[in-house]
Amino acid sequence: MLLENYKLCLTPDELKDYIGDSHLFAFDFETSPSDSHRDDPKASLDAHRSHIVGISFSVEEHSAVYVPLRHRIGKNCSDRDKLWEYLRKLFTCDNRIKIAHSLAFESMFLYAKNIIVREPCYDTIAALMLTLKSENEFRTLNDSGLKTVFPTMTKFADVTDGRFFDELDPSDDATIEYACADSDYALRLYNICNRWFNSNLPKHRKIVEQIESPTAVYCGLMKYNGVPFDIESVKKQKDVLTAELNELKGKIDTVTGGIDIGKNATSAAFKKFLFDDLKLPVVSKTDKGAPKTDDISFTEWKEYCAENGKPELIDFLCNIEQYKKKSKLLTTYIDGYLKYLNPVTGCIHPSLMPLGTTTGRFSSQAPNLQNIPRISNDDSGMRNFFIAPENHKLLSIDFSQIELRVGAFYCRDEKMIDTYKNNGDIHSQTAEVIFGKEETTDDSKHTSEHRTIAKSCNFGVFYGLFPKGLMMNLKYNAGIKDITYERCEEIIKKLKEGYPRLTEWQIKEKTKIHLNGYTETHSGRRRYLPDIDAEDKTKVRSAERKALNTPIQGTAADILKMAMARIVAGISDKPWLKPILQIHDELIFIVPDEHIAEAVEFVKAAMEVKPYPDFDVPLRADPEVGQSFGTLAEYKGDDAIDA
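Residues numbered from 1 in each chain as written. Predicted model: local features only at pLDDT ≥ 70, side-chain atom pairs only at ≥ 80, totals over all residues. Heavy atoms only, no water.

Q: Could you give an account of the nonpolar core, with specific residues and numbers?
A: Within the largest apolar cluster, 185 residues are counted, with the highest numbers of intra-cluster contacts made by Leu 15, Phe 57, Leu 87, Phe 462 and Leu 581. Looking at this core, the element that brings in the most residues is helix H7 (residues 173-200), giving 12 residues. Residue contacts for Leu 581: discarding those within four places in its chain leaves Met 222, Val 227, Pro 350, Leu 352, Leu 369, Ile 372, Glu 586, Leu 587, Ile 588 and Phe 629. (Core = buried A, V, L, I, M, F, W, Y, C linked by side-chain atoms within 4.5 Å. Buried < 20%, exposed > 50% of the residue type's maximum accessible area, 1.4 Å probe, protein only. Helix = DSSP H or I, 4+ residues; strand = E, 2+ residues; numbered from the N terminus. Contact = heavy atoms within 4.5 Å.)

Q: Tell me what's going on with the pairing of strand E4 (residues 63-68), and back it up with residues and numbers.
A: Where burial is concerned, most of E4 is hidden: 6 out of the 6 residues are buried. Residues Ser 63, Val 65 and Val 67 point to one face of E4 and Ala 64, Tyr 66 and Pro 68 to the other, with burial holding for every one of them. In the sheet, strand E1 (residues 5-8) pairs with E4 via 4 bridges, with the strands oriented parallel. Looking across to E4, one finds that Asn 5 is bridged to Ser 63. Note: strand E3 (residues 50-58) against E4, 4 bridges, orientation antiparallel. For Ile 55, the partnering residue across the bridge sits in E4 and is Val 67. Hairpin connection from E3 to E4: 4 residues lie between these consecutive antiparallel strands, with His 62 at a positive phi of about 70 degrees. (Pairing = 2+ DSSP bridges.)

Q: Could you give an account of the sheet that holds E1, naming the residues involved and the relevant values?
A: Remark on secondary structure: sheet strands pair via backbone hydrogen bonds, oriented parallel or antiparallel. Ordered in space as E1-E4-E3-E2-E5-E6, the 6 strands form an open sheet in which the pairing is mixed. Of all strands in the sheet, those with a lone pairing partner are E1 and strand E6 (121-123), marking the two edges. Across the sheet, the mean angle separating the axes of adjacent strands is 25 degrees when strand polarity is ignored. Pairing between strand E2 (residues 24-33) and strand E5 (residues 97-100): 3 bridges, direction parallel. Paired with Leu 24 across the bridge in E5 is Ile 97. Contacts from helix H3 (residues 103-111) reach E2, E3, E5 and E6 within the one sheet, and its direction differs from that of E2 by about 70 degrees. (Axes fitted to C-alpha atoms, helices over the stretch in contact; angles between N-to-C directions.)

Q: An account of the pattern of salt bridges is needed here, citing residue identities and associated values.
A: Tallied over the full model, the rule gives 38 salt bridges. Between Glu 300 and Lys 475 there is a salt bridge, and its shortest N-O distance comes to 3.4 Å. Residue Glu 300 is located in helix H11 (residues 295-307), and its partner Lys 475 is located in helix H17 (residues 467-476); the two are separated by 175 residues in the primary sequence. In this structure Glu 300 comes out as partly exposed when scored by relative accessible area, which is 22%. What emerges from the salt-bridge pattern is a single network uniting Asp 35, Arg 38, Arg 72, Asp 166 and Glu 167. (Salt bridge = Lys/Arg side-chain N within 4 Å of Asp/Glu carboxyl O.)

Q: Which residues make up the packing of helix H9 (residues 231-256) against helix H12 (residues 312-338), and what values go with them?
A: In helix packing, the relevant descriptors are the interaxial angle and the interaxial distance, both defined with respect to the helix axes. At a minimum axis distance of 9 Å, the contact between H9 and H12 shows a crossing angle of 150 degrees. With respect to each other, H9 and H12 are oriented roughly antiparallel. Where H9 crosses over H12, the two elements pack in a sense that is left-handed. Here the residues of the contact of H9 with H12 are counted per class, giving 13 nonpolar, 6 polar and 6 charged. (Parallel < 35°, antiparallel > 145°, perpendicular 65-115°, else oblique. Left-handed = near helix turned anticlockwise from the far one by under 90°. Nonpolar A, V, L, I, M, F, W, Y, C, P; charged D, E, K, R; others polar.)

Q: Before we move on, could you go through helix H1 (residues 12-19) and cite the residues and values that matter?
A: When we look at burial in H1, the residues that qualify are Pro 12, Leu 15, Tyr 18 and Ile 19. Across the axial projection of H1, the buried residues extend over an arc of 125 degrees, all falling on one side. On its buried side, H1 packs onto E2, E3, E4 and helix H2 (80-92). Two residues or fewer past H1, Gly 20 is found with a positive phi of approximately 55 degrees. (Arc of directions from axis to C-beta.)

So, in structure tokens, the structure goes:
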């Protein structure tokens, strides 16, 4: 006996009658691995190695129907072709809200059938993650499972008892109840979250509906397409790196006597050797008081050895640095990526998490493709392992200085805004503000260094730049070794004098966080910072920096997601355009050679739309095209590509 008004639906007409004219519906897929992948239960989550077994729909609470499609026993839908013809219209209509718990997952399986979910849509996982679980703490992904929120729901294992879902009889009450509950409870959650939003954070409902839900659809497209991987080149590079690591380890052992230095040269024995045997100074410590062996420490040690008559140790330290770098390349970027290679597609299909950070920026896992080495730091050519198929190119379109543009909008500084409105160079403008116009002319011998300093200031200025932080960044990342704390103090003083609105904005934001305890993006995405009331002043200063960081970084993330929504809305008639990855402010696609110009025009237009009525700083999206990530170059039109 079914506990709710749940029913089995065996014909397309029955489903049409159930859906009727409802302005919304919740849906959920049950999936099982294909025959050749039954030995891997996780294959059920992969649209390339599994199939949709059945779909449940709910149009009102405590009511749902289950449509079986590919069960191995019992009756399935009588006319799957007619059903999918109806479903295509249902998922792409403009006047029904499509609700799912994990819309990215359902979107991936629909995309496998060339169906792209259109707005209005609603991802109840995103909604949960934008509701509070305590006075000042939002839910995480781990808090947002449907059966976590509704613990009385039947668990998958209790129904299947070790079987795949397609091995269940769809007419059994237990099968119907389990399948229908997923869509019914998703609909209940939709109503619960919206009531909460309406009473507590109305802007968060708008974020779910207009930003996060279409972004979830976009994530489904990326997940399905995957990132192409040149396996043979990777295996060759693995052999090269292994040989280089063995050679370096031999050189290191001649100095250390063969102690275990650990995979990343951080073992206790190695630290003891550095500090007790070699008598190297402790440059910095961890929060727990342990000495660090980070990149800054190695730089300081090499300078110390040069100044204290120990030049023979410099080569040793350089070998350790190389060992650490190559070890990371091998474990993180080769073995780490190969581990996630899809056996069907030959691609890597990472999970892009739109709410993976507290500011609203994406994170990536299984594997983390957000940390692919930059071109400037890719000595081993890791980026060249990601390569477009034959007769295709990789297209990357990157927001130009999006956070600086958002910062200019927030602080309302006329010099910054005018620079962007006139398509000027913000780094040159800042160099002029700090050093004066006469010192930053093209023929000045200091121009290059001034620009480097200005660039470091620009990327830290909105987040409460301090002299020590600027000094460390310039010394260890920009190569300006002789920079002093006092000079950095003077640089920041000049910067604030030249951009007076900047300081005003920072003071205002710090005042707001102390009054409210939270900060927001321009879309209204809220972040609580309870440490603002801490007794520990270090925690208070950290909270103040986050209060400056979040409106800028979070608003930039919202703008990127809004661009994704526009792409989703217009991509249905461009089946050749394949979104594959998002990295920070950059969207990456696979595009056939003959469609590159059209793709550039379409994506740029989606990204450069004015994001808010009052946003008066122009956005710019810069396209690059290449056969691989490592060969991306500025797109200058089809003629340049053909050449």
